[in-house]
Amino acid sequence: MTQKINDFQLDQLKEIMNIGASHASTALSQMINKKVDLSVPRAYVDEIQNLNKFIENKDEEVTTAILKIYGDAGGVMFFMFTSGTEAKITNILIGNVQNDKERKELEISAVKEVGNVLAGASLAAFSKFLDMNLLHSVSDVIVDTIDSIMNSVVAEIGKTSGMALIFEVKFIIKEIDVETKFLFFIDPGATGKILDAIEAKYK
Amino acid sequence: MMENTISINTGEMAVAKGQITIETSGIGSCVFVCLHDNINKVGGAVHAMLPTRVAPKKSDTIVFEESDGVGKYVDEALVKLVDDVVRAGGKKENLRAKIVGGSSMFKVFDNSKIGNDNVKAAEKILSLLNVDVKAESTGGHVGRSAKFNIGNGVVEVMVRM
């Protein structure tokens, strides 16, 4: 049986993303004590080899916190900081560090921690809204180009499915001119479960 | 210079003859396999994502319709690529392969090792097809991009630092 996800279902999923992303952005806002604006979620629902059409600025180097999601619905969560923005965030969180080597380590550690806090915040919102049990792994930080990172994650998803479901929300912090991306890759196997949970809630 | 360059994305392949460069970026756990016939100056390359095709699990999943996507899988892609290069004027016995990519990018996925599986799959299928692997730039934890010059068979690999 083959069944495509319809527009109504996609809207429902986007709405769920909105809830998760807004909790994450609130957490970020409190962490750095600055106003954080959110973009409208952008969705990718397609076969994995068409991913390149979805990726913007693919050659850009980003510092990314990546977390695996376990529990009732699986997936992968990303927080992407473009080159330079992680330094601004670190400055706010830890203060100015002169030593170059030490600073790089602190930046990685800060991004890791931001990833942990934001993932926790958004997952708590998801769990509460969907009445699901969701957990996240420790966060891992990698610095690489956007397309290397995205392709590698999608390859992991591709082991079990030819399709990928990705949601992207941008966090914009105007005050310090920083834009970060929050990406959520939903395990295609979990999509049905999430939609069922939404349906159960409104029955 | 630019008009002699073919850019391929993940899951795509290209075959060319003469002074042409095939380039790709964003090779993480994926592999970029280049085949070259140095005598006839014919070559081809593929940017494949997974070792082999797996049937989607039938469960409570929403199953999506899938097109063939032959360049996505290392095994299927290489069989087709060898075929295409021969059809473009290459001789199978002249073919030499170069493999780029197959790094393991994330610690959180450590138990899966797709990158390594991709390289193994490429080596295995190439040995079945009797194509020698001449050089490799694989493994590690970094993304790569590569340029393959069909005129002389040189593969230039850029590693992000």
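Before we move on, could you go through the confidence of the model for chain A and cite the residues and values that matter?
Within chain A, residue pLDDT values average 87, and 98% of them lie at 70 or more. By mean pLDDT, helix α5 (residues 188-202) of chain A is the weakest element of chain A at 83, and strand β1 (residues 37-38) of chain A is the strongest at 93.

Provide a residue-level description of helix α3 (residues 100-130) of chain A, including the pertinent values.
Here α3 of chain A is 31 residues long and its end C-alpha atoms lie 44 Å apart, about the 45 Å a rise of 1.5 Å per residue gives. A positive phi of about 55° marks Asp 131 of chain A, the residue just after α3 of chain A.

Which residues make up the packing of helix α1 (residues 7-32) of chain A against α5 of chain A, and what values go with them?
All names here are of chain A. Running from amino to carboxyl end, α1 crosses α5 at an angle of 85°, the nearest separation of the two axes being 10 Å. Regarding the angle of α1 to α5, the classification is roughly perpendicular. Together, Gln 9, Gln 12, Leu 13 and Ile 16 of α1 and Ile 194, Leu 195 and Ile 198 of α5 make up the contact between the two elements. By residue class, the composition of the contact of α1 with α5 is five nonpolar, two polar and no charged.

Please give an account of the pairing of strand β4 (residues 75-82) of chain A that cites residues and values.
Residues and elements named next belong to chain A. Across the eight residues that make up β4, a large majority, seven, are buried. Note: strand β3 (residues 61-71) against β4, eight bridges, orientation antiparallel. Paired with Thr 63 across the strands is Phe 81, a residue of β4. Linking β3 to β4, which pair antiparallel, is a turn of three residues. Where β4 and strand β8 (residues 178-186) come together, seven bridges link them in antiparallel fashion. The residue bridging Gly 75 from the neighbouring strand is Ile 186, located in β8.

Rules used throughout
Residues numbered from 1 in each chain as written. Chains lettered and ligands numbered in written order. Predicted model: local features only at pLDDT ≥ 70, side-chain atom pairs only at ≥ 80, totals over all residues. pLDDT = per-residue confidence, 0-100. Helix = DSSP H or I, 4+ residues; strand = E, 2+ residues; numbered from the N terminus. Expected span 1.5 Å × (residues − 1). Axes fitted to C-alpha atoms, helices over the stretch in contact; angles between N-to-C directions. Parallel < 35°, antiparallel > 145°, perpendicular 65-115°, else oblique. Contact = placed C-beta atoms within 7 Å. Nonpolar A, V, L, I, M, F, W, Y, C, P; charged D, E, K, R; others polar. Buried ≥ 20, exposed ≤ 12 C-beta atoms within 10 Å, placed from the backbone. Pairing = 2+ DSSP bridges.

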